[in-house]
Amino acid sequence: MRLIEKDDEAPALCEGRHLRILSLIRRIPPGRVCTYGRIASAAGLPRRARLVGRILRDSPLADGVPWHRVVGAGGRVSRRRGSGAQEQRNRLLAEGIEFEDCDRIDLSIYLWEP
DNA sequence: AGTTTGACTAATG
DNA sequence: GCATTAGCCAAAC
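Residues numbered from 1 in each chain as written. Chains lettered and ligands numbered in written order. Predicted model: local features only at pLDDT ≥ 70, side-chain atom pairs only at ≥ 80, totals over all residues. Heavy atoms only, no water.

**Let's talk about the protein's contact with DNA strand B**
So, point 1. Inspection of the region around DNA strand B gives 15 residues, with Arg 50, Arg 57, Ala 73, Arg 79 and Arg 80 positioned closest.
So, point 2. What you see for DNA strand B is that sugar and phosphate hold 51% of its atoms within 4 Å of the protein.
So, point 3. Within the side chain of Arg 57, a nitrogen or oxygen atom sits 2.7 Å from a phosphate oxygen of DNA strand B.
So, point 4. The separation between a phosphate oxygen of DNA strand B and a polar side-chain atom of Arg 81 is 3.3 Å. (Near = heavy atom within 4 Å. Polar contact = N/O pair within 3.5 Å; in protein donor to acceptor, adjacent residues only side chain to side chain.)

Structure follows, in structure tokens:
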């Protein structure tokens, strides 16, 4: 039996975590949103909200996931590089989501929980 | 190998 | 409300 000499299994574990998070995001229905923190908790990773954002930003596996339906706690669209935030706003508006005070989403209406 | 950097969040003043 | 702090930790530098 071959001993594990290197860390060639670690990436698979990371990838599993990524996939678990991404598959949750995929389940958010159109016209609804979820938060980074809730996605993380639902994936069994409480207090790992930053990981969710980082995956959406970096992972090549994030192709095709409705990233625009993930918002910050309190229903705010997170800042980021480029015009992604505006794009997210547009997509959410296109799905019928209304903003309050021009920048906040009412989670009591639009929040989707896994 | 140590430090910095975030698509985050809850708590506190 | 806004600023700060602390917790979080994988990637990038």
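**A short note on the pattern of salt bridges**
So, point 1. Taken as a whole and assessed by the stated rule, the structure comprises seven salt bridges.
So, point 2. In this structure, Asp 103 and Arg 76 form a salt bridge, with 2.7 Å as the shortest nitrogen-oxygen distance. Taken as a pair, Asp 103 in the loop between strand 3 (99-100) and strand 4 (104-105) and Arg 76 in the loop between strand 2 (70-71) and helix 4 (84-94) lie far apart in primary sequence, 27 residues in all.
So, point 3. Judged by relative accessible area, Asp 103 falls into the partly exposed class, the value being 30%.
So, point 4. Residue classification places Arg 76 among the partly exposed positions, given a relative accessible area of 38%.
So, point 5. With its nearest N and O atoms 2.8 Å apart, the salt bridge here joins Glu 87 to Arg 91. With a gap of four residues between them, Glu 87 and Arg 91 both fall in helix 4, about one helical turn apart.
So, point 6. The class of Arg 91 is partly exposed, set by a relative accessible area of 33%.
So, point 7. Linked by salt bridges that have partners in common, Arg 54, Arg 57 and Asp 58 make up one network. (Salt bridge = Lys/Arg side-chain N within 4 Å of Asp/Glu carboxyl O. Helix = DSSP H or I, 4+ residues; strand = E, 2+ residues; numbered from the N terminus. Buried < 20%, exposed > 50% of the residue type's maximum accessible area, 1.4 Å probe, protein only.)

Scope: geometric values only; no functional claims are made or implied.
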